[in-house]
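What the coordinates show
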Amino acid sequence: MASTFKKETFREDYTYSNSAEAIKRFPFPFPEDQYMYSVNIEPHVKGKVGSVCEFTFDVDEHYVAECLDKKITLEQDPGRYQALPHMMDAQWDFLELTMESLSQDYPQHFSLNKNGSVWTWENKPLGIKDTFTFGDSSTLAMEPFDYMGRQVQGDFVLLDHREETLFADAGIVTSQADWSLAFNVGMSWREWHGPVPRATELGVMDRALKHLLNLQFGSPVRRLNWTMTINPRLDTSPENYPQWGGDRNAVNADNVSDLVHLRVELQTLFRLPRSNAIMFSIRCYLINLKDLSTYSRWAKRLHRVQKTMHPDLIEYKGMTKFHPLVVDWLAKFDDGAALDVGTHAE
Amino acid sequence: MSMINAIVAAVEQVTPLVKHFTFVKEDGSKLPPFSGGSHVVVSMDIGGRVHRNPYSLMGSPEATDAYHISVRKQENSRGGSVFMHEHVTVGMPIKITYPVNLFSLAKKGHKHILIAGGIGITPFMSQIADLNRLGADYEMHYAFRSPEHGAFVEQLKKSCSSRLHCYIDSQGEQLDFKALLGDQPLGTHVYVCGPSSMVTVVLETARNLGWPERHIHNEQFLSPPVGEPFNIQLAKSNIEIQVPADMSMLEAIEAAGVEADYLCRGGVCGRCELQVLETDGAILHNDHFLTDSEKVSCKKIMPCVSRANGKRLLLDL
Ligand code: FES
């Protein structure tokens, strides 16, 4: 957990970087030498001290800069926040979950005081302090989901549970990976999870849906997903493709380890109590190949995973153009020695 | 499955057959909030055997100082409701699951028709609190045997006022489903909970009138039926278990110390599904979850309510 927050950018001059501490706790996603698309859902229980899963929501050294980047994206494109009217209960559920978790887990940064339904929320890093009435939207400057969605790192989608499926009926989406569809409010699970190569055939999505429909309040789950992004850019949305799509052409053998970032999404899913909706959060972690190779174990494993990756998946993740450069750069770390199963750094 | 340690704070006889129980948290803190239509599973230790029954939460989802459930005494059941009636007293510790909702309101519905028969009123009590809070348009239709069996009528009169319609069988009052469902505006949802004969009539009437399937909701927890004893083999745990006549497969598996998933324990949610690897007899499917073709294929079984009658039933557990 960070006690100081860095000043850095996720666009234009890209001053984003990871401290030694942040590199060490990076959620490396490959436990084995071969990558298989799977649902790999596990309970979202407390992880090791210092790990990204130590708390319900991870607040790290990038917190302030990331919230600022989110604000810029929302100003440029207000449509990145959307909520259908029947999701108001879920909005308050979200506000409660985030405020309670943050104030409990990081009392030095956040505090929540309840006086009946009159709540006072203080966010010290962002300099916010407000008093409002829980359940009464008119007492907040914006809708509750918008209000707290801006104060937590990552994207959030609220899914309504009806007709034996889930509908993405509210979302605040500002750090979307390039592989996903443009997020549209009201999409069903199937529309949203478009065809993932090799996953659709395996019925992975259907099984995941079945699992999620039974998700229980009090027992959240998580999984990791990954892709690669050029530059530490959070907003790689399809809408803004012209702004970042061309960056792929800039990758060469000299700059590959600086430009190419492994982008890991920590996805968590919570059943919300009052609304019976599900909160889907997608938290993005970025690390360039150079920093990642601080730990030779990771460099070796990443080399093996990338070398054996199915071309369909490389294409699906939008990595075709620079993928051979990544494999070549990583090759020098790989002595071929066997690695034990697990994602640990050392 | 995460459990809540609660204490019985009050027990009240509300009709000759129904008792109302109030639970508070053991440590005095608030219980989790929930959504209208939710249930909890209550664990009971009956002579060394753990019994788990699902009951709808009846209180307002807003008031989480206590949870409220009501239990109808089923004389010829396997003892869960009898135990609740005869042995559960004020001050007793009791373990319950976190609330689960398998009967939630359609939040986009324009109007909601709620139909309850007898003890089937329980899930609607919390739904009504939600509907009132949201200012939604609804009607509550409540049918029961005779005036003394009309549990909660007074409470409902207060919360629903003119939206409440009662039908007392002993006074010759009948609910005309066709008339009720035949004359509703577009975008109306219907919800039914009660005896299975009533649920069937409502579902059929709505379907015959052309209601879209997604506008028809029912909650019908089954209690595990009593049957002949049979044996099962668990492949991963590598053990053989006998399922006694008055125990469900799920209970027998749990009693043998093997962890198994569940949510509703009533054949509805699908969570307990097990893969059948081998079987030499018939599977007696009692659930509402598997499709007819899945039932015929005998590849899956819902151990919370279903049984078997062969010598061998090898499960992937
Ligand atoms: S536990 Fe729900 S179907 Fe068996």
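Refer to the structure presented above.
Residues numbered from 1 in each chain as written. Chains lettered and ligands numbered in written order. Predicted model: local features only at pLDDT ≥ 70, side-chain atom pairs only at ≥ 80, totals over all residues. Heavy atoms only, no water.

**Some details on the environment of B:Pro16**
Residues and elements named next belong to chain B.
- Looking at the secondary structure, you find Pro16 in the loop between strand 1 (3-13) and strand 2 (18-25).
- In this structure, the C-alpha to C-alpha distance between Pro16 and Gly37, residues 21 residues apart in sequence, is 25 Å.
- Residues within four places of Pro16 in sequence aside, it is in contact with Glu148 and His149. (Helix = DSSP H or I, 4+ residues; strand = E, 2+ residues; numbered from the N terminus. Contact = heavy atoms within 4.5 Å.)

**Here's the deal with the packing of aromatic side chains**
- A complete count under the given rule lists 29 aromatic pairs over all chains for this structure.
- Taking 5.4 Å as the distance between ring centres and 85 degrees as the angle between the ring planes, the aromatic pair formed by A:Tyr35 and A:Trp226 counts as edge-to-face. Of the two residues, A:Tyr35 sits in the loop between helix 1 (20-24) and strand 1 (42-43) while A:Trp226 sits in strand 9 (residues 221-230), which places them 191 residues apart along the sequence. Side by side, A:Tyr35 and A:Trp226 carry an identical accessibility label, which is buried.
- Each ring, one from A:Phe110 and one from A:Trp121, has its centre 5.7 Å from the other, and the planes form 10 degrees; the classification is stacked. With A:Phe110 in strand 3 (residues 110-115) and A:Trp121 in strand 4 (residues 118-123), this residue pair connects regions lying 11 residues apart in the sequence.
- Classification of A:Phe110 as buried rests on a relative accessible area of 1%.
- Aromatic ring contacts, followed pair by pair, group A:Phe5, A:Phe55, A:Tyr63, A:Tyr106, A:Phe110 and A:Trp121 into a single cluster.
- The ring centre of A:Trp226 lies 4.4 Å from the NZ or CZ of A:Lys317, which sits over that ring.
- Cation over ring: B:Arg265 sits above B:Tyr262, and NZ or CZ is 4.4 Å from the ring centre. (Phe/Tyr/Trp six-rings, centres within 6.5 Å; stacked < 30°, edge-to-face > 60°. Buried < 20%, exposed > 50% of the residue type's maximum accessible area, 1.4 Å probe, protein only. Lys NZ or Arg CZ within 6 Å of the ring centre and 35° of its normal.)

**Thoughts on the side chain of A:Arg297**
All names here are of chain A.
- Looking at the element boundaries, Arg297 is found in helix 11 (residues 296-307).
- For Arg297, the side chain forms a polar contact with the main-chain oxygen of Gly342, separated by 3.3 Å.
- A polar side-chain atom of Arg297 sits 2.8 Å from the main-chain carbonyl oxygen of His344.
- Apart from the residues lying within four places of it in its own chain, the contact partners of Arg297 are Leu339, Asp340, Val341, Gly342, Thr343, His344, Ala345 and Glu346. (Polar contact = N/O pair within 3.5 Å; in protein donor to acceptor, adjacent residues only side chain to side chain.)

**What about the interface of chain A and chain B?**
- Taken together, the contact pairs 17 residues of chain A with 23 residues of chain B.
- Of the roughly 1,800 Å² buried at the junction of chain A and chain B (both faces included), carbon and sulfur atoms supply 48%.
- Our count for the chain A to chain B interface comes out at 3 salt bridges.
- The residue A:Glu163 makes a salt bridge to B:Arg214 at a minimum N-O spacing of 3.5 Å.
- There are 6 residue pairs in polar contact (both at pLDDT 80 or more) connecting chain A and chain B.
- For the side of chain A that touches chain B, the elements supplying multiple residues, two or more each, are helix 3 (88-105) and strand 6 (155-162) of chain A.
- Looking at the side of chain A that touches chain B element by element, the count peaks at 3 residues for strand 6 of chain A. (Buried area = accessible area lost by both parts, 1.4 Å probe. Salt bridge = Lys/Arg side-chain N within 4 Å of Asp/Glu carboxyl O.)

**What about the sheet that holds strand 4 of chain A?**
Residues and elements named next belong to chain A.
- If you trace the 3 strands from one edge of the open sheet to the other, you get 3-4-5, paired in antiparallel fashion. Among the strands making up the open sheet, the edge pair consists of strand 3 and strand 5 (128-133). Direction aside, neighbouring strands of the sheet carry axes that sit 10 degrees apart on average.
- Where helix 3 meets the sheet, its contacts fall on strand 3, strand 4 and strand 5, and the angle it forms with strand 3 comes to roughly 120 degrees. (Pairing = 2+ DSSP bridges. Axes fitted to C-alpha atoms, helices over the stretch in contact; angles between N-to-C directions.)

**Points about the packing of helix 2 (residues 122-134) of chain B against helix 3 (residues 153-160) of chain B**
Residues and elements named next belong to chain B.
- One can describe the packing of helix 2 onto helix 3 by two numbers: an axis separation of 10 Å at closest approach and a directional angle of 15 degrees. With respect to helix 3, the element helix 2 is oriented roughly parallel. The handedness of the crossing between helix 2 and helix 3 comes out as left-handed. Residues Met125, Ile128 and Asn132 of helix 2 form the contact with helix 3, whose participating residues are Gln155, Leu156, Ser159 and Cys160.
- Looking at the contact of helix 2 with helix 3, its residues break down into 4 nonpolar, 3 polar and no charged. (Parallel < 35°, antiparallel > 145°, perpendicular 65-115°, else oblique. Left-handed = near helix turned anticlockwise from the far one by under 90°. Nonpolar A, V, L, I, M, F, W, Y, C, P; charged D, E, K, R; others polar.)

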